[in-house]
Amino acid sequence: MPVQRTLSIIKPDAVAKNVIGDIIRRFEENGLKVIATNMTHLSAAEAGRFYAVHAARPFYADLCAFMSSGPILAMVLEGKNAVTLNRQLMGATNPKEADAGTIRADHADSIDANAVHGSDSEENAVIEINFFFSDLDLHSRG
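Residues numbered from 1 in each chain as written. Predicted model: local features only at pLDDT ≥ 70, side-chain atom pairs only at ≥ 80, totals over all residues. Heavy atoms only, no water.

Engineer: Is there a simple way to think about the sheet that holds strand β4 (residues 116–118) in this case?
Structural biologist: Pairing is antiparallel across the open sheet formed by four strands, whose spatial order is β2-β3-β1-β4. In the strand order of this sheet, the two ends are held by β2 (33–40) and β4, each with one partner. The average angle at which neighbouring strand axes cross in this sheet is 20 degrees, direction not considered. Of the pairings in the sheet, the one linking strand β1 (residues 3–10) to strand β3 (residues 72–80) comprises eight bridges and is antiparallel in character. Counterpart to Ile 10 in the pairing with β3 is Leu 73. Here helix α2 (residues 20–29) sits on the sheet in contact with β1, β2, β3 and β4, set at roughly 10 degrees to β3. Packing of helix α5 (residues 82–90) onto the sheet brings it into contact with β1, β3 and β4, and relative to β1 it is tilted by some 35 degrees. (Pairing = 2+ DSSP bridges. Helix = DSSP H or I, 4+ residues; strand = E, 2+ residues; numbered from the N terminus. Axes fitted to C-alpha atoms, helices over the stretch in contact; angles between N-to-C directions. Contact = heavy atoms within 4.5 Å.)

Okay, here's the thing in structure tokens:
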């Protein structure tokens, strides 16, 4: 399994619930290392640029409004097979379908307010990481 990097975002609903520490603990306990973090409050325009791939979808406007509704914590995770592992730890997009013990099963309220975002491929991870971070922000920890 290759060492990879992936973007993870703790979304406004999970930040508001004060479960940042629990979510990061789950990543770390499963072999992922946090190598960069950035707490920010996206504007609707910034959320729109980040989720531009979904611009034609009917949920796009609601997604952008939700992602700009409060602070988020963007982070870069690094580890073996990080993209897949992060997605497994998050659970299904719809928390009602998420396996017990996953982040979304435990912390998400709905398919829209689903606590976390994670890159869906290595290629998208690079694009998403570059949206929030420069190379100077990334600090591998061996």
